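Here are the chains, one letter per residue:
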Amino acid sequence: MEKGRQPPPRVPVADRIRDFSEFSKDWTEQDARDQGSRCMNCSVPFCHSGCPLGNLIPDWNELVYRGEWQRALEALHSTNNFPEFTGRICPAPCEASCVLSINQDPVTIEYIEKAISDRGWKEGWIVPEPPETRTGKTVAVVGSGPSGLAAAQQLNRSGHQVTVFERDEQIGGLLRLGIPDFKLEKHVVERRVDQMTREGVEFKTGVHVGVDYPVREMLERFDAVCMTGGSTVPRDLEVPGRDLDGVHFAMEYLTQQNRVNAGERVDPTERIVAEGKRVVILGGGDTGADCLGTATRQGAEIVHQFELLPEPQLERGPDNPWPEWPLTLRSSAAHEEGGVRDYNIVTKRFSGSNGRVNKLHAVRVEWGAPDASGRPAMNEVPGSEFEIETELVLLAMGFLHPEHTGMLADLVVDLDARGNVKTDDNKMTSVSGVFAAGDMARGQSLVVWALAEGREAARGIDQHLMGKTRLPRVLSTG
Amino acid sequence: MVRKYKSEYVPRMAKQGLYDPRFEHDACGVGMVANIKGVKSHSIITQGIEVLINLGHRGACGADPETGDGAGLLIQMPHDFLVQQCAGQGISLPDYGDYGVGMVFLPRDPEQRKTCEAIIERVVKQEGQSLLGWRDVPVSPDAIGVLAAKVQPVIRQFFVARTADGEDEDRFELQLFLIRKQIERAVAASGMEEREDFYISSLSSNKLVYKGLIMAEQLEHFYHDISDESMVTSFALVHSRFSTNTLGSWKLAHPYRYIIHNGEINTLRGNINWMAAREGMFSSQTLGSDAEKLLPIITPGQSDTASLDNAVELLLATGRSLPHSMMMLMPEAWGDHLPMDQAKKDFYEYHSCLMEPWDGPALVIGTDGTKVCAILDRNGLRPCRYLVTSDDLLIMGSETGVLDVPPEKVLFKERIYPGRMFMLDTEEGRIIGDAELKSELSARKPYGQWLSSGRVTVDDLPEPDSVHPADFDTLADRQAAFGYTMEDLMMILDPMAANGTEPIGSMGNDAPIAVLSDRSPLLFSYFKQLFAQVSNPPLDAIREELVTSLAATVGSEQNLFEETPEHCHQLRLRGPVLTNRELEKLRSISEGKLKSKTLSTLFDVSEGSGALKRAIDLLCQEASEAVKRGCQILILSDRGVDAAQAPIPSLLALAGVHHHLIREGTRTKVGLVVESGEPREVAHFALLIGFGAGAINPYLAFETLEDMAGQSGMLSSGDYEDSEKNYIKALDKGILKIMSKMGISTIQSYRGAQIFEAVGLNQELIDGYFTWTPSRIAGIGLSEVEEESRRRHASAFQEATVAGSLGLDAGGQYQWRRDGEFHMWDPDSIAKLQHSVRTNSFETFEEFTDHIDLQNSRLSTIRGLLDFKSGDDSISIDDVEPAEEIVKRFATGAISLGAIGREAHETLAIATNRIEARSNTGEGGEDFHRFTSDPNGDSRESAMKQVASGRFGVTINYLSHARDLQIKVAQGSKPGEGGQLPGHKIDEYIGWVRNSTPGVELISPPPHHDIYSIEDLAQLIHDLKNSNPDARVHVKLVSEAGVGTIAAGVSKGHADVVLISGDSGGTGASPESSIKHAGLPWELGLAETQQVLVMNDLRGRIVVQTDGQLKTGREVAIACLLGAEEFGFATAPLIAMGCIMLRKCHLNTCSVGIATQDPELRKQFAGKPEHVINYFFFIAKQMRQIMADLGFRTVNEMVGRVDKLDTREAIVHWKASGLDFSDLLHKPDVPEDVATYCCEEQDHALWKALDHELIEKCAPAVEQQTPVRLELPISNSNRTVGTMLSHQVAKRHGEDGLPDGTIRIKFKGSAGQSFAAFLAKGITMNVEGDANDYFGKGLSGGTVVIKPPSNSTFVPEENILVGNVVLYGATAGKAFILGVAGERFAVRNSGAETVVEGVGDHGCEYMTRGRVVVLGPTGRNFAAGMSGGEAYILDESGGFKDLCNMGMVGLESVVEEEDKAALRRLIEEHLELTGSATAARVLETWAETLPKFVKVMPTDYKRVIEERAKKERDAALLVANG
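These figures come from a predicted structure and were not determined experimentally.

J.: Just checking my understanding: could you explain helix α8 (residues 304–317) of chain B for this structure?
T.: Residues lying three or four places apart along an α-helix face the same way, a consequence of the helix completing one turn every 3.6 residues. Residue and element names in this part refer to chain B. For α8, with 14 residues, the first-to-last C-alpha span of 20 Å sits near the 20 Å given by 1.5 Å per residue. For α8, a buried count of 14 out of 14 residues is recorded, marking the element as mostly surrounded by other parts of the structure. Downstream of α8 by one or two residues, Gly-319 has phi in the positive range, about 100°.

J.: Help me out: how do you make sense of the packing of helix α27 (residues 902–914) of chain B against helix α37 (residues 1169–1190) of chain B in this one?
T.: Helix packing for two helices is described by the angle between their axes and how far apart those axes are. All names here are of chain B. Here α27 crosses α37 at 50°, and the two axes come no closer than 8 Å. As judged from the angle between their axes, α27 and α37 are oblique. For α27 against α37, the interelement crossing comes out right-handed. Contacts between α27 and α37 involve Thr-907, Leu-908, Ile-910, Ala-911, Thr-912 and Arg-914 from the former and Pro-1169, Glu-1170, Val-1172, Ile-1173 and Phe-1176 from the latter. Here the residues of the contact of α27 with α37 are counted per class, giving 7 nonpolar, 2 polar and 2 charged.

J.: Would you mind going over the nonpolar core with me for this structure?
T.: Here is a general trend for soluble globular proteins: nonpolar side chains tend to be buried in one another's company. All names here are of chain B. Core analysis: the largest hydrophobic core is formed by 359 residues, its most contacted members being Phe-527, Leu-652, Phe-770, Leu-1037, Phe-1307, Phe-1315 and Phe-1422. Residue contacts for Phe-1422: discarding those within four places in its chain leaves Val-1399, Gly-1403, Cys-1404, Val-1414, Ala-1431, Ile-1433, Phe-1440, Leu-1443, Cys-1444, Asn-1445 and Val-1496. Among the nonpolar cores identified, the runner-up in size contains 104 residues, and Leu-178, Ile-214, Met-231 and Ala-236 belong to it.

J.: Got a minute to help me understand the interface of chain A and chain B in this structure?
T.: A common measure of how large an interface is: the accessible area buried when the components associate. Taken together, the contacts link 42 residues of chain A with 38 residues of chain B. Looking at the side of chain A facing chain B, the largest losses of area belong to Ser43(A), Val44(A) and Arg470(A), adding up to 21% of the total buried there. Linking chain A to chain B there are 2 salt bridges. The shortest N-O distance in the salt bridge between Arg66(A) and Asp494(B) comes to 3.7 Å. Here chain A and chain B share 15 residue pairs in polar contact (both at pLDDT 80 or more) between them. Sorting the residues of the side of chain A that touches chain B by element identifies α3 (46–50), α4 (57–66) and α5 (69–77) of chain A as the ones contributing at least two each. The class makeup of the residues in the side of chain A that touches chain B is 21 nonpolar, 11 polar and 10 charged.

J.: What's the story with the sheet that holds strand β3 (residues 99–106) of chain B in this structure? I'm lost.
T.: Sheet strands associate in pairs through backbone hydrogen bonding, adopting either a parallel or an antiparallel arrangement. All names here are of chain B. Spatial ordering of the open sheet is given by β4-β5-β3-β6, a layout of 4 strands whose pairing is antiparallel. Sheet topology places β4 (130–136) and β6 (199–204) at the edges, where each strand pairs with a single neighbour. Averaged over neighbouring strand pairs, the angle between their axes works out to 20° when direction is ignored. Sheet topology places β3 next to strand β5 (residues 154–161); 8 bridges connect them, and they run antiparallel.

J.: Hey, could you run me through a negative patch on the surface in this one?
T.: A contiguous patch of negative charge, built from Asp168(B), Glu169(B), Asp170(B) and Glu427(B), is present on the exposed surface. Relative to the elements of secondary structure, Glu169(B) occurs in helix α5 (residues 169–190).

J.: So what exactly am I meant to see when it comes to the environment of Val1496(B) here?
T.: All names here are of chain B. Along the chain, the position of Val-1496 falls in strand β52 (residues 1493–1498). For Val-1496, a relative accessible area of 0% corresponds to the buried category. Sequence-wise, Val-1496 and Tyr-210 are 1286 residues apart; in three dimensions their C-alpha atoms are separated by 51 Å. Among residues more than four places away in sequence, those in contact with Val-1496 are Phe-1422, Ala-1423, Met-1426, Gly-1429, Glu-1430, Ala-1431, Ile-1433, Phe-1440, Cys-1444, Val-1449, Gly-1450 and Leu-1451.

J.: How should the sheet that holds strand β20 (residues 552–555) of chain B be read in this particular structure?
T.: Residues and elements named next belong to chain B. Taken together, 3 strands build an open sheet; the order of strands is β17-β21-β20 and the sheet is mixed. Of all strands in the sheet, those bounded by a partner on one side alone are β17 (456–457) and β20. With 2 bridges joining them, β17 and strand β21 (residues 570–573) adopt parallel strand pairing. Bridge pairing in β21 links Val-456 to Leu-571.

Analysis parameters
- Residues numbered from 1 in each chain as written.
- Chains lettered and ligands numbered in written order.
- Predicted model: local features only at pLDDT ≥ 70, side-chain atom pairs only at ≥ 80, totals over all residues.
- Heavy atoms only, no water.
- Helix = DSSP H or I, 4+ residues; strand = E, 2+ residues; numbered from the N terminus.
- Expected span 1.5 Å × (residues − 1).
- Buried < 20%, exposed > 50% of the residue type's maximum accessible area, 1.4 Å probe, protein only.
- Axes fitted to C-alpha atoms, helices over the stretch in contact; angles between N-to-C directions.
- Parallel < 35°, antiparallel > 145°, perpendicular 65-115°, else oblique.
- Left-handed = near helix turned anticlockwise from the far one by under 90°.
- Contact = heavy atoms within 4.5 Å.
- Nonpolar A, V, L, I, M, F, W, Y, C, P; charged D, E, K, R; others polar.
- Core = buried A, V, L, I, M, F, W, Y, C linked by side-chain atoms within 4.5 Å.
- Buried area = accessible area lost by both parts, 1.4 Å probe.
- Salt bridge = Lys/Arg side-chain N within 4 Å of Asp/Glu carboxyl O.
- Polar contact = N/O pair within 3.5 Å; in protein donor to acceptor, adjacent residues only side chain to side chain.
- Pairing = 2+ DSSP bridges.
- Patch = residues over 30% accessible without salt bridge, like charges linked within 9 Å, V, L, I, M, F, W, Y side chains within 5 Å.
- Areas by Shrake-Rupley, 256 points an atom, 1.4 Å probe, with all protein chains shown as cover.
- Lys, Arg positive; Asp, Glu negative; His and termini not counted.
- Charge placed at Lys NZ, Arg CZ, Asp CG, Glu CD.

Put into structure tokens, the structure is as follows:
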């Protein structure tokens, strides 16, 4: 193999932290084709298997290598409604399972995906594709995140009349409000929503099903319902001082910045700003990293990111062989930009003055042998207590489950042990004709899973409504 | 040393289980002794028998060592003897010629015998002749084997007198023919139990046949007549048979009534079908209504020779002469590219309109009672040597030296050349050569004139008014309706259109067989190509293109009894694929001699089920009507597919019409042309042709290409015009390749030959449309075929496509896709296996096997449908033999160093050696340093050394260091094909190990050039046993219908192990169509092998191994129960070592460092011996668990216990429900004393070898390097002389051998086959006399010299001295031959230097190294596939250029000093050792003669040598300057 892995260039750190625009730049055509040529076109493509959507990765890599961009886009769209989203914000399990990653750098699959979709938009190849005939069936999709959008597009293209309900003022869910612009600029979402509108999908924003739109009314009006409301209840930290001012959930912080970026007015008293502050982020995951990038851009003095678990290895351990998802240290673009990461830390309490937080008290822990439940035992290290001065604490410790009140309660759907909506293989809930997909059914997960779930639910709904379906089955769990 | 046969068991030849007698093969020694002047004597008979006895090693015996496979004798009518004998019985015979004698085998049961005799008497009377009486032929049953005697028929002669109505002699012979036919028909119709034993050996007025299930030396003791001095003849045809079975049958012995035959007719099924089809057109003026009595011409259910004999008989009955008939049946190659006299070409072309050739390796000697004709197949695949003495004796046979003749009496020694004929006319008292015979026959009629006025070519036809334009709007729908996938476009059509070659793939096939696929596979996928193995050789259609032809005629045949200009009113096609324009030309012939009609092959989907059947019935009816109306070309067309109309599968439509018209007796009145959107892959075309299509127009493939070249932009290179041309070229080449796998060289004989086996089709479907095609596990019928057609059609037309979905299905046949075709190796199974062996976790391994075994139950293999029948007899696992014992039965696959890198290859060896399993060198030789163990005790040596057709690195040292020597006859992924190792995979090291030049592509030939038949294989087994008496000799076969019969032959040929390989095994590189469409699953082949071996009582002396995608303990246990006691694994150990199934082995880009020679990539290899060992122990552990459940303590107890297998009950699948495994699970009914697993050793008869004497006498040389000189007589029964001695040298001295000339042995006489095979360095052997085939085969450093006896009078350089395939695979050493050699001289030579005075066809084929000097003429096709080494030809006539195959070589003058010196040195040595007059003359006139030498230099080789020389010069310069 002559060519090495070469991701597209990024805007230099010093420049990019000045604003919220996307930091990833474009390849030249030749760069993209060279990167495509690195694909081995394996006969057993583990990437294709590792991708929840089953993206036809070797196929479009080959087509990009040949310069057949439009055919590549077709192949890409055949499994993925919104490659411009996954091409930007997917952690790329495909690359982890790329056979090159056994002993060298994997193919830049995600960037190629982005290059294909960006090229498609740029060339005007992505146009509305409304169905030729309508079935006369109506479907309500509740929640306009990636899962809901995927379901809506699939259902609409199958000829059903789809209405998407969104309680927020904007379509896009987490894509729109959760993901910082420097990873995904919002016009990327808007143009897709526009395409879907032109295909015939009806979007209703500011409608909170189960709150300002009764569930019963919805069930009467629609032949089927697809719930894609996400997993929105965040994991809280119940320690003393939690209610101090300056301690926020990450999502409060991130959505606010996205609204500001979109030019919306935010009440200055509600504004959470990191500028000049010492910030602590609790949680070492992607949301934490998004908070880090946002805080850096807002001009924080220093940002600490604390994680309860130990620092991951740089290389795979023997119990974590390829092609499994590698449990290794992952650094996002935000980490290039600054911040301090620390591990094995449990927050004991917050303290402050005037109702405002100014200190975080924590202790270090050690992880012992697994206990009866199979989890490693967590032991505090005696004498390791410490405190850190901070003016802003962001809780990025994940989400528990969907909101149970309102729609779910009114529908009386069964939930699973973790509080997510229980579905069968076709994504139907315990209530006939009502389906659930995405984080609402699966629990918090990746956008690529959200798309896969949405597509699968659409298939289930089509099958339910028509008795047959031509939509492809996507989930490998199916 | 002969063992007595003890069992009471008498094997019988009847269909049971998977065994079918029609798979039987035989081969043999043939001979003839004659007095050229026609002088009759008894000594001709005794000499004939002596010839036969001296050919004894070419015959064989079965379970009973005293029961031979058959021997016999054909002589002229011994009139005086018979008169005398009959007088004693009160029969008074008329004059010679006025009576006929019937030699008849009658049932043993007296009642049935009487019935037969009554039939004979009745028929003779009915035909107006008179029966003079009966004579019991005196025989001695105790002179023959126990088994033979048990089934011996009653042998009698009856005498028929010619009635005095003035009929001439020919007419009387015809009358006897009619009588015989009617007797046969009457007996066959009688329904009596022993009717199969009834047989008329001969019924003639001028010939008499004595034959039976006896051995050559028993013949005269059994038949008392033969030794009676008063029995005289002027010629005797003799034959000794080696058959693949031991199932007693007297009638299968040769001679037949007109011919003896050594070889095999590959196209038999087609020939029989065509002959039957033709019968409807027979009419004879001579016979009148009697013609009807001749039918069926080819008696059903008999051997190829018997059928050919029937055909000869028929042609004689049409009034053609014997040589004329034989020329029609076995034409020589006469293609456009061959220089040939026009009249002769015209003769052949004219007769090609009358009938197709009977194709296959064959030496046929036939007689009409006064003339004897011998003819050799077009490729010269059988040996035929003869000599003539000064006292008019002619001795002809498979070998030279079969009769002692004083050298001074020999006038000349010759051989029959490929495609040539020889005739002895005893009346004229002279030999008539090929040229004279053929020019006389060619001038019989104005054939050329008839052709130019009658025969039409496509170019002659007027341009059509219009040609169907491509319709891109409906293309996608139609593609879907015909089941196209993206893979068809990207992986099949694109490479064909871009490069003009078939796509290449690697690793095996792990997708389900068609009948278990849920993806509506095309009907084509239910058929597997059959291929030649052992009993006949495949051909190399690339390197031996000259004998092949894709040209054929389409149109109406005429009455075979006549010969008129109308006979050649046919359309002649250059190849089987028609462009749209060409098809339209055909379609527009609406009148005249070649009227065509298009019949639609669509069915209406709106009609209910059964629509398909109704459509085919209608089609057949329309075909009959069209024929009746005088149409001569029928175009079966599925154009017009739309939402309402679906296509009948093209193969079904074609084969259905073909067989319908055969049954109707009108098939030969029309040509069938297929116009279809369905065929696209090479395999599809081969199937259509194989089931009778004359030409095919793949219009949708063309449209798809046009689309790919145009708007969809998917063609990787070229425009549409190029792509169409390339596509047709790739198809032509591919079809030729598939034909050549079966050894068939002309498409005319391939057409309708049905060289396929069906898997998963039920008998009703077969009988209705694919009559006579083997299909052994039943399966789907017409309604399921209809359902699959409907599903494809529905997917195309019934539902709208959702935006965002792909136009075409992704496919997933070749590459795994999540929603594509199912594959056993998927990401999960690969990952789990790797995790389990790396962490030595049996738990994870069980997750892997659960995954696989679950896959099995999800239906993808035959074994997946089988289950264990565990009863109450479970035992404790502690009572089961230990895993350490079980793993010894495991072997890894034959993967060559070259295909995979050194690290991976050695890891497999280390792993298997640690646990006493076996790894395999593959076809790539082995670095001899690996024969020495590592300091830590590990051994990197492969226990099993493969001997494949390329013979790379097969030296005596290599052979001597083996536990097993494996003869690879075929490989699962590409049976019947050779291989190519691309230059980029040959680095310095690989080149050194293989004795070839780094960077230069290496070709392994499709056949072993020393195995053209079963008796040749026995010879190679014998050679290898001599090369290493301690090693097991192992024969690798690939599963196909009839492989069990071949395995029986292999067991009789004394192999120690037979491997039945499945079709799904891996490969470094094979055409995709071969990976997918050739060979059968091992389950079928293995079960058949076990059944046939047990049935023949041959199982006890041979180990059976199986391989082909074995992965889990469950699969191994099933293999064992079906009959295997050893097991091979290749893909799974590779995966254990890190392979991830990239299937990129052929590209050298393997990213895990296994299948690559790239030094950087090889560094990535991370496999460890422990991984492989863990894998094997996991398998053994699972195996033991199953053994305990089933109650088996040892593997031996378990072998062949099919009663412990059952069909899985839980299976619900709409297609699988029709499968029937009762034949697969059949257990032959044999007594308990008949072995079911290997429990004794083969008797290799090495004790007979001359080498024991040599070894004893050469001991001082071998042990102390003291020179030894010996002189000994030799005869043709001394085979493989010098090889066992060489083994002793290699064992002691390894690669170095002995100093040159340490041992010098002189022999006088005729050396047997394989003289000096693998002769080690330090041994020189001289022969004064002559020698047979395989002289100096595998020469490993020794020197051989051969010259005629000093008192012989013939001119050495004009006479044949050594046989065919001399110096095959020689790696080092020298050979000097004072005389001419046969065909394929120095084939695959990779290091020997030699001088010879003339060679036959295909000299220096595939040579890679060494130096060959030919001081005389060469045959055709010299240097085909020659990629290295040099040859120097003394081309005094200047004609060499036309005989040389210039594909890979260039011709030069000898100008370099180095070359001159080397040439001169060799010629000087030749003179010194042989006294050659030519050598002397050349040296004397060196300056004048040197310019007449042509140097043959391979182009690539030259480039590499020059590059290397430059590098060395540069390096030297650098040193000098530095």
